[in-house]
Each structure stands twice: as C-alpha cells, then as structure tokens.
Amino acid sequence: MATTFTLRGFGFARSAKTEPVTTEKPLVRWSLIAVAVLFLGVFLFMPLAVVFASALAKGFSVYISALREPDALAAIKLTLLAAGIAVPMNLIFGVAAAWAIGKFEFFGKSFLVTLIDLPFSVSPVVSGLIYVLIFGLQGVLGPWFAAHDIKIIFAVPGIVLATVFVTFPFVARELIPLVQAQGNEEEEAALSLGANGWRTFFRVTLPNIKWGLLYGVILCNARAMGEFGAVSVVSGHIRGRTNTMPLHIEILYNEYRFAPAFAVASLLALLALVTLVVKSVVEGKSEEHEAELRVERIPEPIVVGPEVNAA
Amino acid sequence: MSIETIDISKRFGQFKALDSVDLEIPSGELVALLGPSGSGKTTLLRIIAGLEFADSGAVRFDGKDISDRSARERQVGFVFQHYALFRHMTVFENIAFGLKVRPRLHRPSRAQIRAKVQELLKLIQLETLADRYPSQLSGGQRQRVALARALAVEPSVLLLDEPFGALDAQVRLELRRWLRQLHDEIHITSVFVTHDQEEALEVADRVVVMNNGRIEQVGSPDEVYNHPASPFVYNFLGNVNLFHGRIDGEKTYIHERETGHVVYVRPHLLEIDRQPNGGSHFRARIKHINSAGPLVKVEAVAEWGDPVHIEMSQERFQGLQLIKNESVFVIPKDVKVFQSNEAVKAK
Amino acid sequence: MAFSFKQKSILPGFGLSLGFTVLYLSLIVLIPLSATFLKASSLNWPQFWHIVTAPRAIASYELSFGASAIAAGINLVFGLLVAWVLVRYSFPGKRLFDSMVDLPFALPTAVAGIALTAIYSSHGWIGQYLQPFGIKTAYSRLGVIIALTFTGLPFVVRTVQPVLEDLDKEMEEAAASLGAGRWQTITRVLLPAIMPAALTGLTMAFARAVGEYGSVVFISGNMPMRTEITPLLIITKLEQYDYAGATAIAVVMLVVSFVMLLAINLLQAWSRSRMSTKSSSETGLPQLSQA
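Quick caveat: nothing in here was measured; it's all calculated off a predicted structure.

Cut-offs and rules
- Residues numbered from 1 in each chain as written.
- Chains lettered and ligands numbered in written order.
- Predicted model: local features only at pLDDT ≥ 70, side-chain atom pairs only at ≥ 80, totals over all residues.
- Heavy atoms only, no water.
- Helix = DSSP H or I, 4+ residues; strand = E, 2+ residues; numbered from the N terminus.
- Buried < 20%, exposed > 50% of the residue type's maximum accessible area, 1.4 Å probe, protein only.
- Areas by Shrake-Rupley, 256 points an atom, 1.4 Å probe, with all protein chains shown as cover.
- Contact = heavy atoms within 4.5 Å.
- Lys, Arg positive; Asp, Glu negative; His and termini not counted.
- Charge placed at Lys NZ, Arg CZ, Asp CG, Glu CD.
- Buried area = accessible area lost by both parts, 1.4 Å probe.
- Salt bridge = Lys/Arg side-chain N within 4 Å of Asp/Glu carboxyl O.
- Polar contact = N/O pair within 3.5 Å; in protein donor to acceptor, adjacent residues only side chain to side chain.
- Nonpolar A, V, L, I, M, F, W, Y, C, P; charged D, E, K, R; others polar.
- pLDDT = per-residue confidence, 0-100.
- Pairing = 2+ DSSP bridges.
- Axes fitted to C-alpha atoms, helices over the stretch in contact; angles between N-to-C directions.
- Parallel < 35°, antiparallel > 145°, perpendicular 65-115°, else oblique.
- Left-handed = near helix turned anticlockwise from the far one by under 90°.

### As for the overall build of chain A
Part 1 of the reasoning: Helix and strand counts for chain A stand at 14 helices and one strand.
Part 2 of the reasoning: A burial count over chain A gives 50% of its 311 residues as buried.
Part 3 of the reasoning: Carbon and sulfur atoms make up 66% of the accessible area of chain A, which amounts to about 14500 Å² in all.

Take a look at the structure:
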C-alpha cells in the first residue's frame, strides 16, 4: 500500500479539516484506543499473566512436581476421559441436529432450537443438581441404580453426564446456522446425480461445514475440560477418584497450596490459549472458504453499454 | 451556485483515479458525469461533495475556494446509489434529519420542520408513507425519499451518485423523467454520475464524458453524440462502425489496409440503395436482417471483407424489401476520421 | 388446507436425524430438567415459598442479580467501546486484542476464579494499590462484580462487532452531508442501529452472570447474607442433604434462565428485523404503489 494510505490511517498527514467524514479526530481516536486497551489489559491479560507468574513463583521444580503428584495425574486423566466422551457424543448430536434443522422445514423448528439452547442458559450448579436429582440416592432413579450397585453420582459416570449436559449445545449452535445458510442446492444436485443420503452427507455437506465443525469441537472441548460448577456438584470431591482438574485446583487452593494450584491451572490456561489460536486460524480459513464460494456464486455484472462494431 | 474544479488529481495507492481535471458547471444546470467504471466520475463527485479529498487542486463554489471544508460544511445534497436511508427511522424522520441536527440557533421549530417535510413528501408523491420504515418501501420509493431528504436542507448543489443504478429498468425510466421534471421546477445546480449513456443523453443539460481519470469532452447531449471530439466519445455514445481510411484534401477514403487513420460511421448514417446514386459508395453483401423493433438492423460484409452494421427505419426497409445475400450499395452520410493512435479498443 | 408437519423435500434422513436429535435432547436435557420440577413439586406451595424467600436466599438473590446487572452494565459500556475500537481503528497488536476477547469463553471458570482472587487480594497486583485507600476488592461484593465483568466481557463485544462491520459507511456520509456533526451522527444514526445487538449482548452477559459459579466463588469470600451467591447457596444446601431446599432454589434459577432465554430470542429477532435491507417485494410485506 502506498504511503498515502498508512499515513491517512494514523491521521497525521492531514489537517483536522480534511479528515474523512466517517472518522473522529486523532486525539479522540487514540484516547478511545487507550481506554479500550487498558480495559482489556486489566481484565484479560492480567489474569492470564498471574496464572503463569504464580505457577512459577516457587520455581520450576515445584511446578513440575505439582503436576506429577498422583492426585494431579488422576485429575488430568479424568478430565481427559470426560472430555473424550462428551465431545464426540455432542459432535454426533450436533451434526444430526444441524441436518434435521438446517435442511428441512417443519413445525416447531424454532422451538426445538430454543430447547437445544437450554443448557447454555442454565447455571452450572443447577446442571449438576439435576443429575443428582435423578441418580442420587434420593433421586428418581436412585434406588434402582443403588440396588444394582451402579454408581452414577459421586462417580465417574455422573461426571461424564454432567459434562455432556453443559457442553450439549456447542457443536449444534455452530453448525445449525452454517448449514441453514448453505442451502440445499448442492445436496439436491448430488441426489439427482444418484448419490444416496450418506454419500451426499460425507462428500458434499461435510466438506462445506468442516471449519464450523472444527470450531464447535474446539469450544466444546475447552468447556468440557474446564467445567467446574456442575462437576463440583456431582463428583463428591473424592480425591484421586472423582476429581477433575478444576476440582483438584480448588482443593489445592483451599489448602493454601497456591503454587501447585496455579501449576495445574496453568495447564488449563495453556489449553485456553491453544483454543484461542485454533479459533483464530479456523476463522481465517472459513473466511477464505466463504470468499471462494462467494466468488463462484455471484454472476458477472451485466455491462450496460453500446455495442461496438470494430473493424 | 456554480461549481468549479481546478486541476483536481487523486490517487488510490497506485491507481490514478483523477488526472488534472478542470471542470466548470454553471449555476442551475443539470450535468451528467458519464463514463465507464474506473473513469473517475464517482471520485470527482465525492470530491465535490467533500466526502473525499483531492491530492491536489481546488474546488470552488460560486468562485469561493471550499477545498478545505468538510462535507458537513459544504451544504451539498448527496444522493447515494443505494439510498443510505436511516433504517431505524421512518420516512418522515429521515427527511427531517438534516433539519433536526442543525445547531440550536439555526434549527427550525417543530412546526416548521413538519411543514417542510410535508411539502417534500408531496413533491415526491409519498404523502401516505410518512410513517413507514425504509424496509417497507420499494427501491424506487426509497430513492425518492433519499432525494427528498437531501433537498430538505435546501442545498445549493445536488449531487447524485448513480441514483438509478440499483433499480429495475422500468422504474429507472420513470424516475429519470421525474428527475428531469423536478429540475425544471427547482433549477438547483445538479450533477449526477452514470455509466448509462442513454440516461445521460436523455436527462442532462450538459454531458461530461470521462475516461481514465480525464475529461474527454464536455457538451450538450447533441454535441457529444453528433460531434464527438475523440474516438472514445464516439465509441461510448451509441453504436459505431470502424474502418481503415484516410483523408485526402476534401475527400475521405475507406481502405482495406492500415493507413494510420480510422473512419467512424454511425450505423444509421449509412444508407442502403440498389443504385449508387452518384455519391461516394461501396458495395456490400447482406448477411443478416433483424427487423424486430423500431429500427431495422442489417448486418453486411463490405466488398473488402469488413463487417458493416447498418440501421434504417421500418419504412425504408419496407420500401427496399431487402433479402439475405443480396448485393447492395452502401452510401455513408457522415463520417469522422481520427488517427489510429487515438482510436480506442473496445472497452 | 391440510396440516403437514414438514415441507416436502427430496433430502433423506429427516426421520433419522430428527429422531436422534429429539431422543438425545430428551435423555440428556429434558428429562433431567423435568426431574427438578418433579422433585420441587413434592413440596407444597407454602413450603416452597418459605424456602425461596428465606432471608439468606433473598440476600443471595440481591447479590447474584444485583452484581450481574452492574457487571452487565459495565460490559455494555466498555463492550461498545471495545467493539468500536476493534472495528473502526487500527493499531499495533489489534489482532491479538481481538482474539483475546474470547478468553473468558475459553478459560475454565476455576482458573479465572483463582487468578482474579490473586490479583485483587490485599497483596495482589492490583489489590495492593487499592488497600491503602480502604477499597476491599477480594472477599467483597466489589470482587463479585469484577469477576462477573470478566465472564461477561465477550458477549457485548461479539454481538456488536458483526453489526458494526456491516454498517453502511454511506449512512454516516449521508448524515454528514446533511449537516450532522460527528457526535450527532454517532448518537442519532449509529447507536440506534446497533442498539438491538448491544441489548442482546447485555442480556446474554446478564444471564451468564446470574448463574456463574466458578469465577466468583473464590473471590467472593462466601459469607452468608453478605457475599454468598445463589449457586453457592444451592451447593451449601446439598452438602447439608437439604435436597428439597436446594431444588427449590434451583427452580427459581431455572425460571429466571428460561425468562432470560426468551428475552434473548426476542431481542435477536428484533435485531434481525432491524438489519433487514430487503425491499418490501422480498420480505413479503405489502407492496405499496409502484416505483
């Protein structure tokens, strides 16, 4: 870009009177930028920084040993297990819901979408409570499970269930608008060419939604591994057995073992950063993808003009 | 209010949008800036409005240099191609906007504002739609509201950027005539940008033909159409036949080979006859006849191989009873000769 | 006029996908949620009312709703500012800041909770400077507000950003050409246009804040009647095996959640209708006279 552009961008090359009408004076601009940056710095960057600073406050060896403690390792394992089950389940659900809702028109569709959004609006603690009310000893199904010696609440299955609940809408929410916006034309074309439903889905629909899908999965995973409130209610806090990473952090913190608490927290913070980076990449890719599709679909503008009869 | 642009130049990065443009627009005229995309016409309009600023040169209103004034201070009425109506305001509020944002001292009373808006609604014939929102109007209605909004502040200059570009053909025609009538009533200095030569020729008092950031010709519609100053203007306005040729004294010769000159002839200025009739002529064989429409279009091949396009009235065609593959005489009524290096390849 | 459940389509798999969707939804969400109401119904009305209006409960509502409202308000103001700055201006590191806005979505609440407490406690990075002025942030209501501001930060920004990006610059140019000053253009033309989106974001931030647990429970101090948030009250009751009590409070929270969800949906619909630029012939609204 020529220098004229960059200088205009910083607003220094012109007098105040020759600013484009759709922008503010440089002083106003930079003040607003400063306030915004300060706000974001205090509320976002500082908490992130303090996690890593506190984790390493007592030195690197303390950091590592905190992570290698048996209880910590068990917590990590359980977290991975819960996410490893919840994410694929909600992925399949998300895809099924996106197909049903995005490709068809039927009565009660928007009601269904609202229902899918429910877990998103429910408090995590309540999310955990509702499973206790079903599977707990006093719960609706509690006695049946107790009689068969199957532990749901205060055991791993309960944790998995609660995780599935809180991350329920993530993939669906990403995919539904995406699938809706893409329309049915390509799938109809594939069907008319003889492909069956599954073929059409895997070869036509899936490639078109791959970036949205990835994004939904990333978010789903981040929430699954980081869920605290719901899991706190159903887990029973049994060390080494029913503690996920967030719960383990809570225990360490309450015992004033700050450095180890932040050490485990730093792993989750790293995961959050990875999530953000992947999100950024995915957004870039999906924009590229969209742009490509758009270029193909817009017809050439019709040029209005005289016919020229050249020699 | 007369408008003058003096030596205006503007670059966007590497692209030169305007190159030393000098233009004078007398007060009260309706002027069209006509040209293909990229010719700089919209950029020039926006510079006059104060929505863009030139890299060099000046803009004067009534002789006064206003180059440093922002759009807000220039008191121009601007109508955008896509209307730019305020979506969250009703038609009434849109039109009243310019009056409502005046500083307290100059602000008219609510009654005065209402009266003015009613007057304008009557002018654009949309009195019953005052409480509608833009999303409830058709394209043509929206454009009229945009015009009323611009007129509400009683600007000294009205600028329109491809005002009918986004409308259906039928609506475009109607609004074109309506704009002409409006101007005849109000006599406000108006400049509009278009790439549609028919529109420019039909509506404007004066046409400014632009290409590649420069003005090719300024003149009345008749002047630019019948006496084009350059090959580009000739090409852009109306159909044209191109032949190699040269001028020798008073005579113009059409040749089959490169001669360094190009001869331009309009299809309706070529007459077909079965006799040479004394005047200069050449032979051609008829290849195709299209008689559907107000004019009959005939495609032929000249004796030296060049294609020739001829237009004639239905009457003449009926009189001639031409048939395909017939060999006839073609008599040019008026030609223009330009040097080859001026000739523009079809854009 | 026969009623058909679904429009005809040649695409297969409707039955399968819808069936699975509804089944999964029922098993994971609907049935467990109904269990809550079922359990709560084991209480009769006076008992229920007594529990949910107990002083401790009321104090927790005040805190949860009050702090959420204040935090949402802060996020409305600053969220608009941040969205504006990110969309309209460029400055070094902008892309980094833009990505970081999503941190509260990605960072686990417990991690946020301990981090915020560390910053605002009396020896913390910020807390130490506020201490001499007698401003107590950690273990106070102010701390709760700060934590809830963190969790709600992305909502207003992310709902307003796309709307700002789509705004036609020509509207601003039109306003300027009609004589409006910059401030007038912003308040009369731009803000009304983005208000539906901003309000949607505000409601979402509020809804999220009301139910928030992990980010708040460390910094609040959890003193009953003072800094005890409603979700914590539920957990406390559970630990005391007061299932009925916990359920009753949970029902209150669920009702609030549903109302918020409804409000958000309505706001989003309003926002969408405002942004529509289609002419009446496309939206199906009555076509009024030609041209």
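On we go.
### Quick word on the overall build of chain C
Part 1 of the reasoning: Assigned secondary structure in chain C consists of 14 helices and zero strands.
Part 2 of the reasoning: Along chain C, helices (α) and strands (β) appear in the sequence α-α-α-α-α-α-α-α-α-α-α-α-α-α when read from the amino end.
Part 3 of the reasoning: Dimensions along the principal axes, computed over C-alpha positions, put chain C at roughly 70 × 65 × 35 Å.
Part 4 of the reasoning: Here chain C holds 291 residues, and 56% of them are scored as buried.
Part 5 of the reasoning: Of all intrachain contacts in chain C linking residues separated by at least 6 positions in sequence, the fraction that spans at least 24 positions is 73%.
Part 6 of the reasoning: Of the roughly 12500 Å² that chain C leaves accessible, carbon and sulfur atoms contribute 66%.
Part 7 of the reasoning: Of the side-chain charges in chain C, 19 are positive and 14 negative, and the distance between the mean point of each set is 4 Å.

### Topic: the interface of chain A and chain C
Part 1 of the reasoning: At the interface, 89 residues of chain A touch 94 residues of chain C.
Part 2 of the reasoning: The junction of chain A with chain C conceals about 8200 Å² of combined surface from both sides, 81% of it contributed by carbon and sulfur atoms.
Part 3 of the reasoning: Broken down residue by residue, the surface that chain A buries against chain C is led by T22(A), F39(A) and L44(A), which jointly contribute 8%.
Part 4 of the reasoning: Applying the counting criterion to the chain A and chain C interface returns one salt bridge.
Part 5 of the reasoning: We note a salt bridge from D102(C) to K279(A), for which the minimum N-O separation is 2.2 Å.
Part 6 of the reasoning: Put simply, chain A and chain C have eight residue pairs in polar contact (both at pLDDT 80 or more) between them.
Part 7 of the reasoning: In terms of residue count, helix α2 (residues 26-55) of chain A provides more of the side of chain A that touches chain C than any other element does, 20 residues in total.
Part 8 of the reasoning: Across the side of chain A that touches chain C, the residue classes break down as 65 nonpolar, 14 polar and ten charged.

### Some thoughts on the confidence of the model for chain C
Residue and element names in this part refer to chain C.
Part 1 of the reasoning: Chain-level statistics for chain C give a pLDDT mean of 86 and a share of 93% at 70 or above.
Part 2 of the reasoning: Looking over chain C, one finds the lowest element-wise mean pLDDT in helix α14 (residues 280-283), namely 37, and the highest in helix α6 (residues 109-120), namely 94.
Part 3 of the reasoning: In this model residues 278-291 is a low-confidence stretch, pLDDT under 50, and it forms 36 contacts with partners more than four residues away in sequence or in other chains.
Part 4 of the reasoning: Interface confidence for the predicted complex, expressed as ipTM, amounts to 0.84; the pTM equals 0.80.

### Some words on the sheet that holds strand β17 (residues 307-313) of chain B
All names here are of chain B.
Part 1 of the reasoning: Ordered by their spatial adjacency, five strands build an open sheet running β14-β18-β15-β16-β17, and the pairing between neighbours is antiparallel. One side of each edge strand has no neighbouring strand; the edge strands of this open sheet are β14 (270-273) and β17. The average angle at which neighbouring strand axes cross in this sheet is 45°, direction not considered.
Part 2 of the reasoning: Where strand β15 (residues 282-290) meets strand β16 (residues 295-302), six bridges bridge the pair, whose relative direction is antiparallel. What sits directly across from I286, in β16, is A300.

### Concerning the packing of helix α5 (residues 109-121) of chain A against helix α1 (residues 14-40) of chain C
Part 1 of the reasoning: Contact geometry of α5(A) with α1(C) gives a least axis separation of 10 Å together with a crossing angle of 45°. What the angle tells us is that α5(A) and α1(C) run oblique. Two packed elements cross with a definite hand, and for α5(A) against α1(C) that hand is left-handed. The segment α5(A) lies against α1(C), with L112(A), L115(A), I116(A), L118(A) and P119(A) engaging L18(C), T21(C), V22(C), L25(C), V29(C), L30(C) and L33(C).

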